[in-house]
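# Working through the structure, step by step
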Amino acid sequence: MIHNDDPCASYGTGIFAFAEQILCVGNYYNDKRKEEENMIKLEDEKCIIGFDDGYQLGKTANFIFDNGVHRLGAVEPTLKENSLFYDGEFFKVGEGRSAITEDKISDDTARLRTMVAIAMELRKAGVQKADIILAVGLPFSNYGRDKLKLIDYYDQQNTLEFSYEGEDYSVTIVKVIVCPQCYSAIASRLGNMKDDYLIVDIGSKTTDVVYVRNGLPIESKSITIEKAMVKWIKEIQRDMKIQTGKDIPEHEIMKVMLKEGSNLPSVYAELIHGMMRGKIHSLELELSERGYSLDYINIIYVGGGALMAREHAGKFRNHTAYDCDLCANAKGYEFLAGQMLERR
């Protein structure tokens, strides 16, 4: 069984308690990162691995991969790239995007992606057998409701024997620490946040908005909005079909948004940028309507969505910053896990 005692027990169970606990401990994560470039290894040889299981991409502190999972059954794949063998079956993990579901724990796909994430980090460190402290996340507004469900999901199968890209791994998940998304992305900087800040994490399915005052989140002023990248891309695909008569693949739209050198005609790219500006404007309009004063409050866009906002939001506002690290949440999960374990 996974050792899943509540790290917030002495403070309560809400987001505020979670943050208060973090501010009471030292700079454990940063010190360990300096000592261990590959991943955080504790004195008892256990490893902390953060995994941000997004609806488009899976992210660890060092790796990013598509979240698609394809079951091949007993048929061995022709190529070992992206191949996973587990419980007598072959899978391809990391090719394309999985369909958005209501949650990620109704089947085995999240566990399969987690195995791939763990294998990537262990391979980088030259390790194939390990006891893992798994640090994962939930949308800010769902944290209190779904935290125990996610822990139980990993508790059901915490000993994992599998092969990834032809290499065998033996992993025991000895503890699961669940962290709030968005907040995690800036957790290591909380000590420097002495004013009011609005943290905006535009994800694949939802946008998390966390209001931080003097390093602590104000839960009553923090929300989750059902506007995010996958929905926006589908709307852009629909509008591009109407305006050009062409079906534009999702990955080509993403290339344009991320300025990754799409082969689409420049006129198409300009249309896509214009549509994206409209999406960001609509999001900021909703934030204003919900009472956030964007004209003067400090704003930090984080994660992959920050790349979009940097190009299409109010980038000339001197009180707005963009942390475009796609792995920010995964790194934050590791930071928070390290802080909790240090306190113990």
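Before reading further, recall that the structure is shown in the block above.
Here is a short report on the structure shown in this document. (Residues numbered from 1 in each chain as written. Predicted model: local features only at pLDDT ≥ 70, side-chain atom pairs only at ≥ 80, totals over all residues. Heavy atoms only, no water.)

### Observations regarding the overall build of the protein
Rules: Helix and strand assignments follow DSSP, with helices taken as H or I runs no shorter than four residues and strands as E runs no shorter than two, numbered in order from the N terminus. Exposure categories follow from relative accessible area, calculated using a 1.4 Å probe and restricted to protein chains: below 20% of the type maximum is buried, above 50% is exposed, and the middle band is partly exposed. Contacts were defined at the residue level, with two residues in contact if any of their heavy atoms lie within 4.5 Å. Per-residue and other accessible areas follow the Shrake-Rupley method at a 1.4 Å probe size, with only the shown protein chains counted as cover for residues.
Along the protein, the regular secondary structure elements total nine helices and 17 strands. Counting over 344 residues, the protein shows a buried share of 56%. Pairs at least 24 residues apart make up 64% of the contacts formed inside the protein by residues separated by at least 6 positions. Put simply, the protein shows about 15400 Å² of open surface, and 48% of that area lies on carbon and sulfur atoms.

### Side note on the sheet that holds strand S3 (residues 52–53)
Basically, it comes down to this: Whether two strands pair comes down to DSSP finding at least two bridges between them. Interaxial angle, 0 to 180 degrees, is taken between N-to-C directions of lines fitted to C-alpha atoms, where a helix line uses only the stretch in contact.
Sheet architecture is open: three strands sit in the order S3-S4-S5, paired in antiparallel fashion. Each edge of the sheet is formed by a strand with only one pairing partner; in this case those strands are S3 and strand S5 (64–66). On top of the sheet, helix H3 (residues 109–125) reaches S3 and S5; it is set at about 145° to S5, its chief contact.

### Observations concerning the pattern of salt bridges
Opposite charge on two side chains permits them to pair, given that their charged atoms come into close proximity. As a reminder, the rule being used: A pair is scored as a salt bridge if a Lys or Arg side-chain nitrogen falls within 4 Å of a carboxyl oxygen belonging to Asp or Glu.
Applying the stated rule across the entire model yields 19 salt bridges. A salt bridge links Asp-196 to Arg-213; the shortest N-O distance between them is 3.0 Å. With a gap of 17 residues between them, Asp-196 in strand S12 (residues 196–202) and Arg-213 in strand S13 (residues 207–213) connect regions that are remote in the sequence. Under the relative-accessibility criterion, Arg-213 is labelled partly exposed at 37%. For Lys-227, the salt bridge is made with Glu-286, and the minimal N-O distance between the two is 3.0 Å. Pair noted here: Lys-227 is in the loop between strand S15 (223–225) and helix H5 (229–244) and Glu-286 is in helix H7 (residues 266–289), with a separation of 59 residues, a long-range link. Each of the salt bridges in this network shares a partner with another, and the network as a whole consists of Arg-145, Asp-146 and Lys-149.

### Here's the deal with the pairing of strand S2 (residues 47–50)
Neither face of S2 is open: one carries Cys-47 and Ile-49, the other Ile-48 and Gly-50, and all of them are buried. By the bridge criterion, two bridges tie strand S1 (residues 40–41) to S2 in an arrangement that is antiparallel. When the sheet's bridge partners are listed, Ile-40 is paired in S2 with Ile-48. The antiparallel hairpin formed by S1 and S2 contains five residues in its connecting segment, where Glu-45 sits at a positive phi of about 75°. Sheet analysis places S2 next to strand S9 (residues 129–138), joined by four bridges and oriented parallel. When the bridges of S9 are listed, Gly-50 appears paired with Ala-135.

### Points about the packing of aromatic side chains
Filter applied, for reference: Only Phe, Tyr and Trp rings are paired, with Trp represented by its six-membered ring, and only when their centres lie within 6.5 Å; those with planes under 30 degrees apart are stacked, over 60 edge-to-face, the remainder tilted.
Counting across every chain of the model gives six aromatic pairs. Residues Tyr-153 and Tyr-154 carry aromatic rings whose centres are separated by 5.3 Å and whose planes lie at 80° to one another, so their mutual orientation is edge-to-face. Assessed through its relative accessible area of 3%, Tyr-153 is described here as buried. Taking the relative accessible area as the measure of exposure, Tyr-154 reaches 3% and is therefore buried.

### Brief notes about the sheet that holds strand S8 (residues 89–93)
Pairing is mixed in the open sheet, where eight strands are placed in the order S1-S2-S9-S11-S10-S7-S8-S6. Among the strands making up the open sheet, the edge pair consists of S1 and strand S6 (69–73). With three bridges joining them, strand S7 (residues 83–86) and strand S10 (residues 159–164) adopt antiparallel strand pairing. Bridge pairing links Phe-85 to Ser-163 in S10. Packing against the sheet, H3 makes contact with S2, S6, S7, S8, S9, S10 and strand S11 (167–180), and its axis sits at approximately 70° to S10. Helix H4 (residues 143–156) contacts S9 and S11 of the sheet and is inclined by roughly 160° relative to S11.

### A short note on helix H8 (residues 304–312)
Count 3.6 residues to each turn of an α-helix, and residues three or four apart come out pointing the same way. Within the span of H8, buried status applies to Gly-305, Ala-306, Leu-307, Met-308, Ala-309 and His-312. Each element contacted by the buried residues of H8 is listed here: S12, H5, helix H6 (250–258), H7, strand S16 (298–302) and strand S17 (320–323).

### Some remarks on the packing of H6 against H7
Definition in use: Orientation labels follow simple angle bins: below 35 degrees gives roughly parallel, above 145 gives roughly antiparallel, 65 to 115 gives roughly perpendicular, and whatever is left gives oblique. Asp, Glu, Lys and Arg are counted as charged, while Ala, Val, Leu, Ile, Met, Phe, Trp, Tyr, Cys and Pro are counted as nonpolar; the rest, among them Gly, fall into the polar class.
Where H6 contacts H7, the two axes come as close as 10 Å, and the packing angle between them is 75°. With respect to H7, the element H6 is oriented roughly perpendicular. Of the residues in H7, those touching H6 at Ile-253, Val-256 and Met-257 are Ala-269, Ile-272, His-273 and Met-276. Considering only residue class, the contact of H6 with H7 consists of six nonpolar, one polar and no charged.

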